[in-house]
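Listed below are the residues making up each chain.
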Amino acid sequence: MERFWICGGKKLCGEVQVHGAKNAILPLLAAALLTDEQVYFEDVPDLCDIRSMMEILRHLGCRAERESGGILVESAGMDGCDMPDKQCKQIRSSIFLLGPLLAKLRCAKVPCPGGCEIGLRPIDLHLKGLRMLGVHIQDVEGKLVCRGENMHAGNVYLDYPSVGATENVIMASVLLPGTTVIHNAAREPEIVDLCRFINRMGGRIRGSGSQVIRIDGVKRLYGVTYKAIPDRIVAGTLLCAGAVTGGQVRIRDAQFSNLLPVIDKLTEMGCDIKREKGGLILRAPGRLCAFSNLQTSPHPGFPTDMQSQMLTLATVADGCSMITENVFESRYATAGDLLRMGADIRIAGRTAVVRGVEKLTGANVRARDLRGGAALVLAALCARGESTVTNISLIDRGYDKMECMLASLGAQIKRISDFREEHIHADP
Ligand code: EPZ
């Protein structure tokens, strides 16, 4: 088991680079199956979710390997559509492979996916969308057996703008003769990136980023070299690290337009954030002010993946903040650990009311999910004294060597793999 040891109180200052977005690259890796030609993705961070996805591609008979900081994928040798239980249970994004497998092979067998403990995370919208394209789906002993011999283009209406369901339907339809229209589609930047990638391969997709996406089927797609958009959630988390420690951080390649809701909230808390030659620079106030009300919602609303980080910032802001988590039904698991660090948080259903305290106190805490784990690291960075964060394999799913990024900004943080007692003091 690995853990982070952190000594709080250091202002983070300096410059850090963000790399390709996990939530863009995972569907892009799936979409690479849509061509038999080589696809190369540049600037791909080393994340375990990405490694799991590569293992699934190799299990299907594809080439998927790291090559000079990027990933090479070639599906010409794909020889099956039965997905491996172990990796599919590890990562929810395995479900994105339904679309490309059906598009290419007209068949797919996938165990019901896993993911973080942030909610039930059903896949009914994925299945409804695929069925509207003529896919026959049966649950056979816990595996979804999908047959696509009768697939056709058509109209798909999503009851909720699900990111994954939108991506699955896009990938399932790009090679179908005719035009498929997705209504109430997700509008996240990662959807726009997926459509840009498929169009670079020779696809014909219009309307990405809006609620109506039109896909004109084409006969084949071609190999390309592609660089995914920078990770807006990693960038947002680093902005929060600068904000909560009263520092000044410059984030190279962070895209202002993809972070507007986060920039707006951090500005409301007293931060000064500006675009600066291909990135962003944040200057924090001495102490953050509370934000009045934060509601998460699908893009272009406030991203749910930044909710836990903002919860941490609210715990030490001057005043009372309110957060409502509208996307996932249980994404406050981190609150318990924050309370142990001295936070004042009250939760009723989907709403958290946070009364800011002067300082948190270091403690031994545990990551419960990916973004909640990142939020605990932020709390430890601004807390008085030492903390440990355990179960950090969850953090490694979405942050490539988080400790190195933060240490380069002046944080006192170490990854301890063979746990030694002397680093850990009893709870102060
Ligand atoms: C993607 O998950 C992201 N993951 C999530 O990031 C992100 O939080 C989420 O989109 C929302 O932005 C990846 O891209 C790999 P959804 P996804 O389908 O596609 C319900 C992270 O931390 N729903 O938009 O699973 C669902 O339960 C992760 O990087 C259904 O009811 O999200 C949830 O309440 C966490 N039925 C809501 O919709 C379905 O069939 C949003 O889910 C599908 C979803």
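That block above? That's the structure.
Source: prediction; values computed, not measured.

Draft legend 1. Geometry of the site of the ligand. Taken together, 22 residues lie near the ligand, and Arg-92, Asp-124, Leu-125, Asp-305 and Val-327 sit nearest. A distance of 2.9 Å separates an oxygen atom of the ligand from a polar atom in the backbone of Val-163. One of the backbone nitrogen or oxygen atoms of Val-327 is found 2.6 Å away from an oxygen atom of the ligand. When the free accessible area of the ligand is taken as 820 Å², the share hidden by the protein chains comes to 90%. Among the secondary structure elements, those contributing two or more residues to the shell around the ligand are α1 (22-31), α5 (124-131), α6 (163-173) and α12 (370-382). It is α5 that contributes the most residues to the shell around the ligand, 3 residues altogether. Of the residues in the shell around the ligand, the class split is 10 nonpolar, 5 polar and 7 charged.

Draft legend 2. Representation of the packing of aromatic side chains in the model. Enumeration over the complete set of coordinates arrives at 2 aromatic pairs. Summarising the aromatic geometry, the rings of Phe-41 and Phe-197 are spaced 5.3 Å apart at their centres and angled 45° between planes, so their arrangement reads as tilted. Taken together, the residues span a long stretch of sequence, with Phe-41 in strand β3 (residues 39-42) and Phe-197 in helix α7 (residues 189-200) at a distance of 156 residues. You'll find Phe-41 and Phe-197 in the same group, each marked buried. Measuring from centroid to centroid gives 5.2 Å for Phe-197 and Tyr-226, while their planes differ by 65°, and the two rings are edge-to-face.

Draft legend 3. Inspection of the sheet that holds strand β9 (residues 155-157) at higher detail. With mixed pairing, the 4 strands of this open sheet are ordered in space as β9-β10-β12-β11. Looking along the sheet, the strands with just one partner apiece sit at the ends: β9 and β11 (204-206). Along the sheet, successive strands turn relative to each other by an average axial angle of 15°, direction set aside. In terms of strand pairing, β9 meets strand β10 (residues 179-183) through 3 bridges, oriented parallel. The residue of β10 that forms the bridge with Asn-155 is Val-181.

Draft legend 4. Inspection of the nonpolar core at higher detail. Counting 77 residues, the largest nonpolar core has Leu-34, Phe-41, Ile-170, Phe-197 and Ile-198 as its most contacted members. Considering every element that reaches this core, the biggest residue donor is α1, with 7 residues. Contact partners of Ile-198, with chain neighbours within four places excluded, come to Ala-31, Leu-34, Ile-170, Met-171, Val-174, Gly-203, Ile-205 and Leu-221. Counting residues in each nonpolar core, the second largest holds 74 residues, with Met-269, Ala-290, Ala-352 and Ala-411 among its members.

Draft legend 5. Molecular detail of the pairing of strand β1 (residues 3-7). The buried count for β1 comes to 5 of 5 residues, which makes it a mostly enclosed element. Here β1 shows no split at all, with Arg-3, Trp-5 and Cys-7 on one side and Phe-4 and Ile-6 on the other all buried. Pairing between β1 and strand β23 (residues 412-416): 5 bridges, direction antiparallel. What sits directly across from Cys-7, in β23, is Gln-412. Of the strand pairs in this sheet, β1 and strand β22 (residues 386-390) are connected by 5 bridges, and their pairing is antiparallel. Paired with Trp-5 across the two strands is Thr-388, which belongs to β22.

Draft legend 6. Layout of α6. Among the 11 residues in α6, 10 count as buried, and that is most of the element. Those residues of α6 not exposed but buried are Gly-164, Ala-165, Thr-166, Glu-167, Asn-168, Val-169, Ile-170, Met-171, Ala-172 and Ser-173. Where α6 begins, the capping side chain belongs to Ser-162, and its oxygen is found 3.5 Å from the backbone nitrogen of Gly-164.

Procedures and definitions
Residues numbered from 1 in each chain as written. Predicted model: local features only at pLDDT ≥ 70, side-chain atom pairs only at ≥ 80, totals over all residues. Heavy atoms only, no water. Near = heavy atom within 4 Å. Polar contact = N/O pair within 3.5 Å; in protein donor to acceptor, adjacent residues only side chain to side chain. Areas by Shrake-Rupley, 256 points an atom, 1.4 Å probe, with all protein chains shown as cover. Helix = DSSP H or I, 4+ residues; strand = E, 2+ residues; numbered from the N terminus. Nonpolar A, V, L, I, M, F, W, Y, C, P; charged D, E, K, R; others polar. Phe/Tyr/Trp six-rings, centres within 6.5 Å; stacked < 30°, edge-to-face > 60°. Buried < 20%, exposed > 50% of the residue type's maximum accessible area, 1.4 Å probe, protein only. Pairing = 2+ DSSP bridges. Axes fitted to C-alpha atoms, helices over the stretch in contact; angles between N-to-C directions. Core = buried A, V, L, I, M, F, W, Y, C linked by side-chain atoms within 4.5 Å. Contact = heavy atoms within 4.5 Å.

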